[in-house]
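# Architecture and fold: a report
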Amino acid sequence: MGGTAVVVGGGIGGLAAAIGLRRIGWDVTVVERASRLEDAGAGISLAANGLRALDELGVGKAVRDASRGQYSGGTRTPRGGWLTRMDGVALEKAVGTPIMGIPRSTLHRLLRDALPAGSLLIGSEAASVEQTAPGTVHVAFGDTVLDADLVVAADGIGSKVRSRLFPGHPGPVHSGSTVLRAVTEHAVDLRTDFELTWGRGAEFGHIAFLDGRAEWHAVLSLPAGTRFADPLAELRRRFHAWHDPVPALLDATRPDAVLHHDVNELRTPLPTYTVGRIALLGDAAHAMTPNLGQGACQALEDAVTLAAALGAGPTVDTALARYDAERRPRSQAVAQAARQAGRMGQQLSHPLAVTLRNTAMRLTPSRVATRMILRHHAWVPPQLN
């Protein structure tokens, strides 16, 4: 079964969906509203489930070759004490791969390289997406109009397609946190591949990259819309007394490299991920907080599951029903788990609560912590026909 599809959104989920659909014989056009591909974002961690999805899409090796395995590190207190230690070797033994760290811009490039030239149209915002017949969706962007058998809405947390399909849905809400992040200008001497440090109402973490540079992020419990005149100076003020390498990471960063975004989520679950011949995917369907590092991985799972369902048929409508039945329960459960992880992590601010949390983490055996991780990582993708 083949057909014509339009993917709205050229981010990780949209590009992965386009690759998957092309692999099962569909003609795919990706429309991306940005007029320039700046690949906004710093770094990303890919767990086994996301990497398996990339393998099924045929780009797993290229992504692994450009990534650095996260074997060492863990979670710390601001003074440097360890709450948990990462056992990347045990995780690799359990699921076949460690978590891999990669610059987001590199991942975007590798996904784009897997698509033929001309299939990605930038500076093209979908002005309207309307089902005009039982098997046809009308997509208008700029001066162009396309009639497609399927539209994949991968237009992010602020999805306009979702808001049109579900006008009564409250949409994304603020999680109570804001995140500042950047990639260092040069290599940094790091003793670990990955770290999180939890303070009272604040988190600082880093991911080491293959070239020696690192992504860092700082999450703060602040109202939506809070911004700083000099973000890097503000972070140096807040984190100057935290353990190494936190100050060193900030010192290795250009002021103009710092990105600042509020952390929003789709707290009210959608009743379905499909409406007629329109399928929602990634953040458009289940935007979650980043506390489990599963946002991109869930979008990659969506992409492979959608392509596999369409490849198996027998009709587009039955395939979309199967996609919704398989993806909605899992992705919404992961989103809920991410929200709970945030409440028990960076968002904790009461001293007694922080002490109890830290004590519980120190007493948790590493094998138990690994088992908890495996709940989300141990996903096996369907095969693309």
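Here is what the cut-offs are and how they apply
Residues numbered from 1 in each chain as written. Predicted model: local features only at pLDDT ≥ 70, side-chain atom pairs only at ≥ 80, totals over all residues. Heavy atoms only, no water. Helix = DSSP H or I, 4+ residues; strand = E, 2+ residues; numbered from the N terminus. Rg over C-alpha atoms; globule rule 2.2 N^0.38 Å. Buried < 20%, exposed > 50% of the residue type's maximum accessible area, 1.4 Å probe, protein only. Contact = heavy atoms within 4.5 Å. Areas by Shrake-Rupley, 256 points an atom, 1.4 Å probe, with all protein chains shown as cover. Lys, Arg positive; Asp, Glu negative; His and termini not counted. Charge placed at Lys NZ, Arg CZ, Asp CG, Glu CD. Pairing = 2+ DSSP bridges. Axes fitted to C-alpha atoms, helices over the stretch in contact; angles between N-to-C directions. Phe/Tyr/Trp six-rings, centres within 6.5 Å; stacked < 30°, edge-to-face > 60°. Salt bridge = Lys/Arg side-chain N within 4 Å of Asp/Glu carboxyl O. Core = buried A, V, L, I, M, F, W, Y, C linked by side-chain atoms within 4.5 Å.

For the chain, the name recorded in an unreviewed UniProt entry is FAD-dependent monooxygenase, with Streptomyces virens as its organism.

## A look at the overall build of the chain
Secondary structure summary: the chain contains 13 helices and 19 strands in total. Its C-alpha atoms give the chain a radius of gyration of 21 Å, near enough to 21 Å, the size a compact globule of 385 residues would have. Each principal axis of the C-alpha atoms in the chain carries an extent, and together these give about 60 × 45 × 40 Å. The buried share among the 385 residues of the chain stands at 54%. Of the contacts made within the chain by residues no fewer than 6 positions apart, 73% connect residues no fewer than 24 positions apart. Of the accessible surface of the chain, which amounts to about 16,400 Å², a share of 52% is contributed by carbon and sulfur atoms. Positive and negative side-chain charges of the chain, numbering 40 and 36 respectively, have mean locations separated by a distance of 8 Å.

## Digging into the sheet that holds strand S4 (residues 68-70)
Strand-to-strand pairing in sheets goes through backbone hydrogen bonds, with the strands running parallel or antiparallel. Taken in spatial order, the 3 strands make up an open sheet running S3-S7-S4, and their pairing is antiparallel. Each of the sheet's edge strands pairs with one partner strand only, and the pair in question is strand S3 (43-46) and S4. The average angle at which neighbouring strand axes cross in this sheet is 35°, direction not considered. Pairing geometry for S4 and strand S7 (residues 99-103), over 3 bridges, is antiparallel. Pairing of Gln70 across the sheet is with Ile99, part of S7. Packed onto the sheet, helix H5 (residues 104-113) meets S3 and S7 and runs at close to 90° relative to S7.

## Thoughts on the side chain of Thr253
Assignment of secondary structure puts Thr253 in the loop between helix H8 (246-251) and strand S17 (259-265). When near neighbours in sequence (up to four residues on either side) are disregarded, Thr253 contacts Ala182, Val183, Thr184, Glu185, Trp216, Leu232 and Val258.

## A closer look at the packing of aromatic side chains
Under the defined criterion, the tally for this structure stands at 3 aromatic pairs. Relative to Trp216, the ring of Phe204 has its centre 5.6 Å away and its plane inclined at 15°; by these criteria the two rings are stacked. In this pair, Phe204 sits in strand S15 (residues 202-208) while Trp216 sits in strand S16 (residues 214-221), placing the two residues 12 residues apart along the sequence. Under the relative-accessibility criterion, Trp216 is labelled buried at 0%.

## A closer look at unusual backbone geometry
Following Asp244, the chain continues into Pro245 via a peptide bond in cis, with omega recorded as 10°. Here Pro245 shows up in the loop between helix H7 (231-239) and H8. The residue after Gly313, namely Pro314, is reached through a cis peptide bond having omega 0°. Along the polypeptide, Pro314 turns up in the loop between helix H10 (295-312) and helix H11 (316-344).

## A look at helix H2 (residues 48-57)
The element H2 is largely enclosed, with a buried count of 8 among its 10 residues. Those residues of H2 not exposed but buried are Ala48, Asn49, Gly50, Leu51, Ala53, Leu54, Glu56 and Leu57. Two residues or fewer past H2, Gly58 is found with a positive phi of approximately 90°.

## Regarding the sheet that holds strand S12 (residues 150-153)
Judged by pairing direction, the sheet is mixed, and its 6 strands sit side by side in the order S8-S2-S1-S12-S19-S18 without closing on themselves. The outermost strands of the open sheet, each flanked by one partner alone, are strand S8 (120-122) and strand S18 (274-275). Here strand S2 (residues 27-32) runs beside S8; their pairing, made up of 3 bridges, is parallel. Across the sheet, residue Glu32 finds its bridge partner in S8, namely Ile122.

## Remarks on the pairing of strand S9 (residues 126-133)
Along any regular strand, the residues point their side chains to alternate faces of the sheet. Sheet topology note: the S9/strand S10 (residues 136-141) ladder contains 6 bridges and is antiparallel. Paired with Glu130 across the strands is His138, a residue of S10. In textbook terms, the turn of a hairpin is the stretch between consecutive antiparallel strands, and for S9 and S10 this stretch comprises 2 residues.

## A few points about the pattern of salt bridges
For the structure shown, the criterion picks out 19 salt bridges. Put simply, Asp262 and Arg227 hold a salt bridge, and the shortest N to O gap is 3.2 Å. In this pair, Asp262 is assigned in strand S17 and Arg227 in the loop between S16 and H7, connecting sequence segments 35 residues apart. By relative accessible area, Arg227 is classed as partly exposed at 43%. Each of Glu301, Asp302, Arg327 and Arg330 takes part in a single network of salt bridges with overlapping partners.

## Remarks on the nonpolar core
Grouped together as the largest cluster of nonpolar side chains are 70 residues, with contacts concentrated most on Leu21, Trp26, Leu46 and Leu310. Top contributing element to this core by residue count: H10, with 10 residues. Non-local contacts of Leu46, meaning those with residues more than four positions away in its chain, are made with Leu51, Leu54, Val63, Pro98, Ile99, Met100, Ile102, Leu107, Cys297 and Leu300. With 22 residues, the next largest nonpolar core counts Leu180, Leu190, Leu232 and Val258 among its residues.

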